[in-house]
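Architecture and fold: a report
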Amino acid sequence: MPSTTTPTLTVHVLLFASYADTLGFDSVELSLEAPAKVGDVLDRLRVLPGGERLPPKPLCALNLTHVGPDMPISSGDELAILPPLAGG
Amino acid sequence: MTVYLTESPLDLGELLASVQSPERGGVACFLGTVRNHHGGREVLRLDYSAYGPMVEAECARIVAEAESRWQVAVALRHRIGRLEIGDAAVAVAAASAHRDEAFVACRHVIEELKRRVPIWKREVFADGTVEWVGSGAAGQPDSGTAGQRVSELHVTGALGGTTR
């Protein structure tokens, strides 16, 4: 039977280091209209308090792998927004 | 399964032993230690944090890439938590039949780690300021939000993008 509701997906977003400080949290569940891309999640974060300070193209990792903003996301994915790396 | 991230002091001897073998005569290692200055300012210590599961995944990929590209055995560890001046934060060991491949693989692994592995450090300066390295953002000591969690954030309506 066809559904009359807009399909949604849920993504688990992780923030680290300076980005967690900037937005004031390090973990959030977001619901988006499907289909959605990494860039759509970034757009949602940018309108939150402090989100305007995210850079235009932050490093992102989807399910533990580096990805670009055009990568499609699926419900249940884990998306990490990574500040400039400083290992070593 | 190898664990690349640790909160304990690094043991270079253990890493070297893990890659050495009778047929590998060349062993190169790199140790990155905490420096007492940055940008002309005195540093007291560093606080490292990481996206642990991805550190493990990305380090495994880097080591596998090096071991497939060169005839080497590679060991890699990174320490997180509070590190004092002189403490080792990262250690790489690469062993091969001859020195050339050991050196090049060791260099490759540390450069890829710095480019790809999600680890961050806050510098605590002698003047009391604290800064995330690479972010250009200053903060006061212990002003971070590490550990704070927001399990649900209902922003859909506020954004005008109703999804149901």
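Residues numbered from 1 in each chain as written. Chains lettered and ligands numbered in written order. Predicted model: local features only at pLDDT ≥ 70, side-chain atom pairs only at ≥ 80, totals over all residues.

**A short note on the packing of helix α2 (residues 52-69) of chain B against helix α3 (residues 99-116) of chain B**
Residue and element names in this part refer to chain B. Selection rule: To define axes, lines are fitted to C-alpha atoms, for helices over the stretch in contact only, and angles between the resulting N-to-C directions are given on a 0 to 180 degree scale. Helix and strand labels come from DSSP, where a helix needs a run of H or I of at least four residues and a strand needs a run of E of at least two; each type is numbered from the N terminus. Comment on the angle field: the value is read as roughly parallel under 35 degrees, roughly antiparallel over 145, roughly perpendicular from 65 to 115, and oblique elsewhere. In a left-handed crossing the near helix is turned counterclockwise from the far helix by less than a right angle, and in a right-handed crossing that turn is clockwise. Here, residue contact means that the backbone-derived C-beta atoms of the two residues sit within 7 Å.
The geometry of α2 relative to α3 is characterised by a closest axis approach of 10 Å and an angle of 150 degrees between their N-to-C directions. Relative to α3, α2 is oriented roughly antiparallel. The interaxial crossing formed by α2 with α3 has right-handed handedness. Residues E58, C59, I62, V63 and A66 of α2 lie in contact with α3, whose contacting residues are A105, H108, V109, E112, L113 and R116.

**Quick notes on the sheet that holds strand β2 (residues 27-33) of chain A**
All names here are of chain A. The test is simple: Whether two strands pair comes down to DSSP finding at least two bridges between them.
If you trace the five strands from one edge of the open sheet to the other, you get β2-β1-β7-β4-β5, paired in mixed fashion. Each end of this open sheet is capped by a strand with a single partner; those strands are β2 and β5 (65-67). For this sheet, the mean inter-axis angle between neighbouring strands, taken without regard to orientation, is 35 degrees. Direction of pairing for strand β1 (residues 8-15) relative to strand β7 (residues 78-82): parallel, over a ladder of four bridges. By the bridge assignment, L15 is partnered in β7 with I81. Contacting β1, β2, β4 (59-62), β5 and β7, helix α2 (residues 38-46) crosses the sheet at an angle of about 115 degrees to β2.

**Comments concerning the sheet that holds strand β7 (residues 88-96) of chain B**
Residues and elements named next belong to chain B. Reading across from one edge, β1-β5-β7-β2 is the order of the four strands in this open sheet, with mixed pairing throughout. Two strands lie at the open edges of the sheet, namely β1 (5-6) and β2 (26-33), each paired on one side alone. In this sheet, strand β5 (residues 72-79) lies alongside β1 in parallel orientation, the contact comprising two bridges. Of the residues in β5, the one forming a bridge with L5 is H78. The strands touched by helix α1 (residues 12-19) within the sheet are β2, β5 and β7, with β7 carrying the most contacts at an inclination of about 20 degrees. Sitting on the sheet, α3 touches β2, β5 and β7, and the angle it makes with β7 is about 150 degrees.

**A look at the nonpolar core**
Definition in use: Note on definitions: a nonpolar core is a set of buried residues drawn from Ala, Val, Leu, Ile, Met, Phe, Trp, Tyr and Cys, linked by C-beta atoms within 7 Å. Three classes are used. A residue is buried when 20 or more other C-beta atoms lie within 10 Å of its own, exposed when 12 or fewer do, and partly exposed in between, with C-beta atoms placed from the backbone.
Within the largest apolar cluster, 64 residues are counted, with the highest numbers of intra-cluster contacts made by F16, V41 and A80 of chain A together with V74, A94 and V109 of chain B. Not counting residues up to four positions away in its chain, the partners in contact with A80 of chain A are L14, F16, C60 and A61 of chain A together with Y51 and M54 of chain B.

**What about the environment of K57 of chain A?**
All names here are of chain A. Residue position: K57 is located in the loop between α2 and β4. A count of 10 C-beta atoms within 10 Å places K57 in the exposed class. Taking C-alpha positions, K57 is 7.7 Å from P69, a pair spaced 12 residues apart along the chain.

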